[in-house]
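Structural description and commentary
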Amino acid sequence: EEDMGEQGVEPIGKRVGASGSQGRDMVVVGIVFRHLSLKPSILKEYAKLGADMIPAPPQRDLVSYVKKPNSDGDAGGQEDSIFLEDESGRILLDFSGLEGEAAEKSKYLVSGMIVAIRGRPEKLGVLLVRDICRAGLPTRSAPCQEVPICDEDRFVCILSGLNFGNADVNPLAIDLVTEFIKTNLGDSKFQKWGSTIVRLIVAGKLINASENPDIQNLRELDATLVSIASSIPIDLVPGDGDPTNFLLPQQPINKCLLPSSSRFKTLRRAPNPYEAMIGGRRFLGTGGQNVEDFLRYVNDRRDSEGAEKILSVLEEMIRSRHLAPTAPDTLASYPFYESVGDVKSFPFPF
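About the cut-offs
Residues numbered from 1 in each chain as written. Predicted model: local features only at pLDDT ≥ 70, side-chain atom pairs only at ≥ 80, totals over all residues. Heavy atoms only, no water. Helix = DSSP H or I, 4+ residues; strand = E, 2+ residues; numbered from the N terminus. Buried < 20%, exposed > 50% of the residue type's maximum accessible area, 1.4 Å probe, protein only. Contact = heavy atoms within 4.5 Å. Areas by Shrake-Rupley, 256 points an atom, 1.4 Å probe, with all protein chains shown as cover. Core = buried A, V, L, I, M, F, W, Y, C linked by side-chain atoms within 4.5 Å. Pairing = 2+ DSSP bridges. Axes fitted to C-alpha atoms, helices over the stretch in contact; angles between N-to-C directions. Phe/Tyr/Trp six-rings, centres within 6.5 Å; stacked < 30°, edge-to-face > 60°. Salt bridge = Lys/Arg side-chain N within 4 Å of Asp/Glu carboxyl O.

Digging into the overall build of the chain
The number of helices and strands found in the chain is 9 helices and 11 strands. Expressed as a percentage of its 350 residues, the buried residues of the chain come to 37%. Put simply, 70% of the contacts in the chain that link residues at least 6 apart link residues at least 24 apart. Accessible area of the chain: about 20,300 Å², with a carbon and sulfur share of 53%.

Encoded structure:
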């Protein structure tokens, strides 16, 4: 602590690159950058197509940016690396000395996160990491309005993956959930349960994403929203592949695409990311692109721990106070000068 007080705060390139810094503990604050050999590159796409052609948006299928090791435990090719950088330079992070919880936290470092790293320079430009510190949970601010006292429970239903037009989606399942929300399904006890739903949030994956979208898919979505909007308020949030702009933040779906349901005042066409005050509580969420892109840095999502990893990703985002740390590196977003994904106050729920 005494050494840190004497040295003060200096740029990464000057402090870690100094010849006398080896063997001395220090705390370095910067932005994480992960070099992954499988990560898409817009420059490579232009090199393939030529300067006179514009590359298409990347395919959002189930892929991972992290190389899978072969049977010998070797990932092969160029090694994936994690750096910490600021305007003065970049240093390579060595996590070989971490164990337990700290080692697990290092797996969830993605490009764009701002973290503090405690470590010791082992050689020029390399920092042996001893601990990782994130921004921490945002402050829990008071509700913008007084939370009403209810005699019984009230629920907000969050629905995603309708995917109208997808052959793998069972239309009967959509009909059943629609009837449940409208309290037309089951016995009186089941109907009473459905009557406690006061808001429906439809969060992304509205229609089947394809190169040749079918207008019939939009008509089916419109008809389903009409059926529900006559009963309870709906917040419609677009997601990946839905008919709106590709870059985040996504704008609300144009009312011309939903001519019947847009006439209902109970239907709110919301942007993505989504934020709303419901019952005095601040709801914050997205259509899912930020989580999907984050998972590509962690590992392939097609494993038995997929649900637990998604919860871990959400936790890392809220502890890092950022909705989309990987934008605009690998997650397509509008190039704002200041970040629009900062989480300044604690949402409930997230």
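Considerations on the nonpolar core
With 28 residues, the main nonpolar core has L84, L93, F95, I117 and F294 as its most contacted residues. Sort the elements by how many residues they give to this core and helix 8 (residues 289-298) lands first, with 5 residues. Once you skip the residues sitting within four places of it in the chain, L93 turns out to touch I82, F83, L84, I117, L127 and V129. Among the nonpolar cores identified, the runner-up in size contains 23 residues, and L159, F164, L200 and I228 belong to it.

Topic: the sheet that holds strand 7 (residues 197-203)
Judged by pairing direction, the sheet is parallel, and its 4 strands sit side by side in the order 6-7-8-9 without closing on themselves. The open sheet has two free edges, formed respectively by strand 6 (155-159) and strand 9 (267-269), since each of these has just one partner strand. On average, adjacent strands in this sheet sit at an angle of 20 degrees to one another, irrespective of strand direction. Pairing analysis gives 4 bridges linking strand 7 to strand 8 (residues 234-237), with the strands arranged parallel.

Some details on the packing of aromatic side chains
By convention here, two paired aromatic rings are described through the distance between centres and the angle between planes. Under the defined criterion, the tally for this structure stands at 3 aromatic pairs. With a centroid separation of 5.1 Å and an interplanar angle of 45 degrees, the aromatic rings of F180 and F190 are classed as tilted. Taken together, the positions of F180 in helix 5 (residues 171-181) and F190 in helix 6 (residues 188-195) put the pair 10 residues apart, joining distant regions of the chain. With relative accessibility at 31%, the residue F190 sits in the partly exposed group. Between the aromatic rings of F180 and W193, the centroid separation amounts to 5.5 Å while the plane-to-plane angle is 70 degrees, which identifies the pairing as edge-to-face. Separated by 13 residues along the polypeptide, F180 in helix 5 and W193 in helix 6 bring together distant segments of the chain.

A word on the pattern of salt bridges
The full count for this structure, using the stated rule, is 14 salt bridges. The shortest N-O distance in the salt bridge between R130 and D25 comes to 2.3 Å. A residue pair is termed long-range when its members are at least 10 positions apart, and R130 in strand 5 (residues 126-133) and D25 in the loop between helix 2 (12-16) and strand 1 (26-35) qualify at 105 residues. For R130, a relative accessible area of 42% translates into the label partly exposed.

Examining the sheet that holds strand 2 (residues 81-86)
Spatially, 1-2-3-5-4 is the arrangement adopted by the 5 strands of the closed barrel, whose pairing is mixed. Ignoring strand direction, the axes of neighbouring strands in this sheet form an average angle of 55 degrees. The pairing of strand 2 with strand 3 (residues 89-94) spans 4 bridges and is antiparallel. Note on strand 3: the bridge partner recorded for F83 is L92.

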